[in-house]
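Architecture at a glance
Residue strings, one per chain:
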Amino acid sequence: MTAPSNGNVPAETHESAVEAAVSQRAGVAVKSFANAGSGTLSGPTRSGPGEGLLAGLRHHLLAGETHYPDRPGMGELRRRVGEALPDVGFPAREPDGVLITQGEGESLFATLLGLGGGEGAAIVARVGGRHQRLLDWMRVRVIEPGTDAASEAEAAFHLIEHETGAGNPGNGSAPETAGLVQVHAIGDRLFGGSGDEAAGAPADAIVIGSLDGLEGMHPFSLGFVAAPEAVRPRIAKWKQASSICSPAPSQRAALWALGVRP
């Protein structure tokens, strides 16, 4: 095809290039979210949903729960997440400080954007962590703690990934990052972890994680963000922009796993 005399790229060529770029980045994103969820599970062997859970979901559907739940998440689930945080060493949060997401990957995605990050931004984190693919897709620069103090001052936050089964996440706060907001990614350990995992976490720390380790949760998947109440709405708007809210059946499955019955 001959280029137009004005030197502009033909419209169909431009569109195909854009479509290819979007498709490539979407594919990486899907793999990122999938890997973020599967890499943090420490719960029992997976099986199909139990009859009790299915009966509970049917009850709520027939009762009219067929549309969006509360956009930040069901109040009872948010309350239980907020109250469980001290069990793993973090400050408790009121329900208004908790956001229910699709998984830890989406929690990180919304938190980064909510704190002013995004393409071209930088965060302090361990290079090669379990969310590296997501950060690459977002085109966020990852700075190892202590390796580039000048750049750390411009970072959006310090991401501290807690490894499954370990008490020490291995990339905790350093003097150079003491002024940054800490975002602790704790995987699926919220309901069942030990209280020494986040010793010394500041009062303004943000906690993200997964609820997939709850026994009886499979095949449903959820995550959460717990933050100071003044900060949570900035994060929630990005969750709502991408998927409005997390599905009601998934949230009901989490509540069922936590002992809530119709």
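Below, the structure is looked at part by part. Throughout, residues of each chain are indexed from 1 in the direction in which the sequence is written. Local features in this predicted model are restricted to residues of pLDDT 70 or higher, and side-chain atom pairs are both shown and tallied only at a pLDDT of 80 or more, whereas totals for entire chains, interfaces and linings draw on every residue. Think of the side-chain values as coming from all heavy atoms in the structure, minus any hydrogens and water.

**A few points about empty space enclosed by the protein**
Worth spelling out the cut-off: Only protein atoms enter the calculation, which uses a 1 Å grid: trapped sets of points that fit a 1.4 Å probe without letting it out are cavities, open sets showing protein on both sides within 12 Å along at least five of seven lines are pockets, and any residue with an atom within 4 Å of a point is a lining residue. Grid points are joined across faces, edges and corners, and a volume is the space filled by probe spheres set on the points. By definition, any uninterrupted DSSP run of H or I lasting at least four residues is a helix, any uninterrupted run of E lasting at least two residues is a strand, and each is numbered from the N terminus. Ten residues, namely Ala, Val, Leu, Ile, Met, Phe, Trp, Tyr, Cys and Pro, are considered nonpolar, four, namely Asp, Glu, Lys and Arg, are considered charged, and the remaining ones, Gly among them, are considered polar.
Taken as a whole, this structure holds 1 cavity of 30 Å³ or more when the rule is applied. In this structure, the largest cavity spans a volume of roughly 40 Å³. Every residue lining the largest cavity is listed: L57, H60, L61, E65, A248, P249 and R252. Those elements giving two or more residues to the lining of the largest cavity turn out to be α2 (51-62) and α8 (248-257). Residues of the lining of the largest cavity, tallied by class, amount to 4 nonpolar, 1 polar and 2 charged.

**Examining the packing of helix α3 (residues 75-84) against α8**
When two helices pack together, you describe them by how their axes are tilted relative to each other and by the distance separating the axes. What counts here: To define axes, lines are fitted to C-alpha atoms, for helices over the stretch in contact only, and angles between the resulting N-to-C directions are given on a 0 to 180 degree scale. Oblique is the label for every angle not falling under 35 degrees (roughly parallel), over 145 degrees (roughly antiparallel), or within 65 to 115 degrees (roughly perpendicular). Definitions for this section: a left-handed crossing has its near helix turned counterclockwise from the far helix by less than a right angle. A right-handed crossing has that turn clockwise. Residues are treated as being in contact if the distance between any of their heavy atoms lies within 4.5 Å.
Put simply, α3 and α8 touch, their axes get as near as 10 Å, and they point 50° apart. Comparing their axes, α8 and α3 come out oblique. As α3 runs across α8, the sense of the crossing is left-handed. Taken together, the residues of α8 that come into contact with α3 (itself represented by E76, L77 and R80) are Q251, A254 and L255.

**Brief notes about the pattern of salt bridges**
Under the convention used in this document: Just to be clear on terms, a salt bridge is a Lys or Arg side-chain nitrogen sitting within 4 Å of an Asp or Glu carboxyl oxygen.
Scanning the model with the defined rule gives 9 salt bridges in all. Residue E119 is joined to R139 by a salt bridge in which the shortest nitrogen-to-oxygen separation is 3.4 Å. Residue E119 is found in the loop between α4 (104-114) and β2 (122-124), and its partner R139 is found in the loop between α5 (132-138) and β3 (141-143); the two are separated by 20 residues along the sequence. Taken together, the shared-partner salt bridges in this structure form one network comprising E76, R79, R80 and E83.

**Considerations on the packing of α4 against helix α7 (residues 232-243)**
Where α4 contacts α7, the two axes come as close as 7 Å, and the packing angle between them is 125°. When the interaxial angle is binned, α4 and α7 end up oblique. For the pair α4 and α7, the sense of crossing is right-handed. Here α4 contributes E106, A110, T111, L113 and G114 to the contact with α7, which in turn contributes R234, I235, W238, K239, S242 and S243. The residue inventory of the contact of α4 with α7, partitioned by class, reads 4 nonpolar, 4 polar and 3 charged.

**As for the packing of aromatic side chains**
How we decide: When two rings of Phe, Tyr or Trp (its six-membered ring) have centres within 6.5 Å they constitute a pair, described as stacked for plane angles under 30 degrees, edge-to-face for angles over 60, and tilted for the intermediate range. We call a residue buried when its accessible area falls under 20% of the maximum for its residue type, exposed when it is over 50%, and partly exposed in between, using a 1.4 Å probe and counting protein chains only. Counted as over-ring charges are cases with an Arg CZ or a Lys NZ within 6 Å of the ring centre that also lie within 35 degrees of the ring normal.
Applying the stated criterion across every chain yields a total of 1 aromatic pair. Relative to W137, the ring of F109 lies with its centre 5.9 Å away and its plane at 35°, an arrangement referred to as tilted. Taken together, the residues span a long stretch of sequence, with F109 in helix α4 and W137 in helix α5 at a distance of 28 residues. By relative accessible area, which is 16% here, F109 ends up buried. In this structure, R261 packs its charged tip against the face of W256, placed 3.5 Å from the ring centre.

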